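# Structural overview
Letter by letter, the chains look like this.
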Amino acid sequence: MVRPSLDLSPGEEQKTLDALNDLPLGEIRIFESTTSTNDIALKWASEGARDMSLVIAGEQTAGRGRGNRKWYTPPGAALAFSLVLRLKDNEGAQISRFTGLGPLAVSDALQDMNLAPEIKWPNDILLGGRKTCGILVESIWQGETVEALVMGIGINLRRESVPPAELLNFPATCVEMEAGHAVQKLPLLHHVLRAISSWRPQLATHPFLHTWENRLAFRGEQVEIVTGEQPSTLGRLEGLNQDGSLRLELLNGKKIPVTFGDVHLRPVL
Ligand code: BT5
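Every chain is numbered on its own, with residues counted from 1 as its sequence reads. Residues qualify for local features only when their pLDDT is at least 70, as the model is predicted, and side-chain atom pairs are given and counted only at 80 or more; totals for whole chains, interfaces and linings, by contrast, use all residues. With hydrogens and water excluded, all non-hydrogen atoms of the structure serve as input to the side-chain values.

It is worth spelling out the nonpolar core at this point. Burial of nonpolar side chains together is a common tendency in soluble globular proteins. To qualify as a nonpolar core, a set must consist of buried Ala, Val, Leu, Ile, Met, Phe, Trp, Tyr and Cys residues joined through side-chain atoms within 4.5 Å. Note on exposure labels: buried denotes an accessible area under 20% of the residue type's maximum, exposed denotes more than 50%, and partly exposed covers the range between, all computed with a 1.4 Å probe on protein chains only. Core analysis: the largest hydrophobic core is formed by 62 residues, its most contacted members being I153 and V192. Should any heavy atoms of two residues lie within 4.5 Å, those residues are counted as being in contact. Residues within four places of V192 in sequence aside, it is in contact with F81, A105, V106, A109, I153 and I155. Residues F31, A41, A49 and A148 belong to the second largest nonpolar core, which totals 11 residues.

Moving on, we get to the pattern of salt bridges. Opposite charge on two side chains permits pairing when their charged atoms draw close. Here a salt bridge means any side-chain nitrogen of Lys or Arg lying within 4 Å of a carboxyl oxygen belonging to Asp or Glu. Overall, the coordinates contain 16 salt bridges when judged by the stated rule. D39 serves as the salt-bridge partner of R64, at 2.7 Å between the closest nitrogen and oxygen. Residue R64 is located in the loop between β2 (53-57) and β3 (78-86), and its partner D39 is located in helix α2 (residues 37-46); the two are separated by 25 residues in the primary sequence. Within the structure, one salt-bridge network assembled from shared partners comprises R236, E238, R247, E249 and K255. Secondary structure counts use DSSP, requiring at least four H or I residues in a row for a helix and at least two E residues in a row for a strand, with both numbered from the N terminus.

Quick look at the environment of A179 now. Inspection of the secondary structure puts A179 in helix α4 (residues 175-179). In this structure the C-alpha to C-alpha distance between A179 and A116, which are 63 residues apart in sequence, comes to 9.9 Å.

Right, let's talk about the sheet that holds strand β9 (residues 233-240) for a bit. Taken in spatial order, the five strands of this open sheet run β11-β10-β9-β8-β12, and their pairing is antiparallel. Of all the strands in the sheet, the pair left with one neighbour each is β11 (255-258) and β12 (263-267). On average, each strand axis in the sheet is inclined to that of its neighbour by 45 degrees, with strand direction left out of account. Here, any two strands with at least 2 DSSP bridges between them count as paired. Strand direction decides the pairing type here: strand β8 (residues 222-227) and β9, joined by four bridges, are antiparallel. Looking at β9, one finds that I225 is bridged to T233. Helix axes are fitted to C-alpha atoms over the stretch in contact, other axes to C-alpha atoms as well, and angles between N-to-C directions run from 0 to 180 degrees.

Here we take up the packing of helix α3 (residues 98-111) against helix α6 (residues 206-214). At their nearest, the axes of α3 and α6 sit 10 Å apart, and the two run at 60 degrees to each other. Relative to α6, the crossing made by α3 is left-handed. Where α3 abuts α6, its residues T99, G100, L101 and L104 lie against F208, T211 and W212. Gly falls in the polar group here, along with every residue not listed as nonpolar (Ala, Val, Leu, Ile, Met, Phe, Trp, Tyr, Cys, Pro) or charged (Asp, Glu, Lys, Arg). Partitioning the contact of α3 with α6 into residue classes produces four nonpolar, three polar and no charged. By convention, the crossing between two helices is left-handed when the near helix turns anticlockwise from the far helix through less than a right angle, and right-handed when the turn is clockwise.

With that out of the way, let us pick up the packing of aromatic side chains. Stacked, edge-to-face and tilted labels apply to pairs of Phe, Tyr and Trp rings (six-membered ring for Trp) whose centres lie within 6.5 Å, assigned for plane angles under 30 degrees, over 60, and everything in between, in that order. Tallied over the entire structure, the rule returns three aromatic pairs. Taking the centre distance of 6.0 Å and the plane angle of 80 degrees together, the rings of F208 and W212 count as edge-to-face. You can see F208 and its partner W212 sitting in helix α6, four residues apart, about one turn around the helix. Residue F208 is classed as buried on the basis of its relative accessible area, which comes to 0%. On the accessibility criterion, W212 (0% relative accessible area) is buried. An aromatic cluster is built from W199, F208 and W212, whose rings are joined through pairwise contacts.

Residue proximity to a molecule or strand is established when one non-hydrogen atom of the residue lies within 4 Å of it. Close to the ligand lie 30 residues; S36, Q60, R64, K131 and N156 are nearest. Interatomic distance of 3.4 Å between a side-chain N/O atom of N123 and an oxygen atom of the ligand. In the environment of the ligand, an oxygen atom lies 2.7 Å from a nitrogen or oxygen atom belonging to the side chain of K131. Sorting the residues of the shell around the ligand by element identifies α2, β3, β6 (130-142) and β7 (145-156) as the ones contributing at least two each. Partitioned by chemical class, the residues of the shell around the ligand number 10 nonpolar, 14 polar and six charged. Two N or O atoms form a polar contact when they lie within 3.5 Å of each other; inside protein one atom must be a possible hydrogen donor and the other a possible acceptor, and for residues adjacent in sequence the pair counts only when both atoms belong to side chains.

Shown next as C-alpha cells:
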C-alpha cells in the first residue's frame, strides 16, 4: 500500500505514485522540498515505517553526506530519496554487504542507459571519472542489533544539480551531461528501486560480490586512502573481501582490508 502525502501538487504526486505502483514498496512520502530525506526516513523508521518505505524530495535544504558533510540537491534538478530497509532474519549476517546494494542498483540503471558507471568505493558512482551519485546508509539500532537501515541516494540529473567546483572534494557531473540528452526522473527512480529489490535477496551470493567488485573504479590501480584525521595510506586497489571491505596491497606487498566508515579514496596520478 502506498500512502500519498504532503507538499506536492496532487497531479505531480499521483504521477509519482502511478509510476512506482508495480514495485514492492511500503508507504511513500513525497516532498517538494524537505531538509534531508534521510532525516525524515530515520524518524519514520524509528516510529515503525514498514520495510521498503520511501521518502522522495524534489529539493533538500539540509542534505547530508557522511560525517555531516553537505549534499546539494537544488530544486527539481536531481533525484533524492531514502529507503527504509527493515532487516529480515537472514540479513543481519550480511549487514556490511548492504553498502554494495545501492551502488549496484544505481549502476544497473545507468548501464541500462548505455552509460559506463563505476563504483568509487564505498559509496559514490562515477560517470566519466566524476561523481554523479552519493549514497548514505545509516543504521537504527535496537539494543545490540541493527533493526533497520536507511539508504539515502542522491543522483545528479540536470546541469543545475552539479555544485560549483569550490564546494567539492572530488569532481562532479550529472547524468544528462554524460548522456548528452534529457533524462526522465521517474523511470530512473523506478529502475533503481527495482534493482534494489532484485539484488537484495542475493546479498550473500558470489554474483553479488563479484558484480560489485567488477564495477569498482581504479581496480588494479594505485590509490590513496584517507580515514578521518589519520595519515593517508597508499596502495594498489586489488578488489573486495567477502564482507565488502576493500583489499589494498601496500607498497611493501602486505595486503590490508580497508573497512567502511569515513573513508576517502582517490586515484594516485
Ligand atoms: C555522500 O557523502 O556522497 C553521500 C550523499 C548522500 C546523499 C543522499 S540524497 C538522499 C539522502 N538524504 C540525505 O540527506 N543524504 C542522502 P560523502 O561521500 O561524504 O560526500 C559528500 C561530499 O560530496 C561533499 O563534501 C561535497 O564535496 C560533495 N557533494 C555534495 N553535493 C554533491 C553533489 N550534488 N554532487 C556531487 N558531489 C557533491
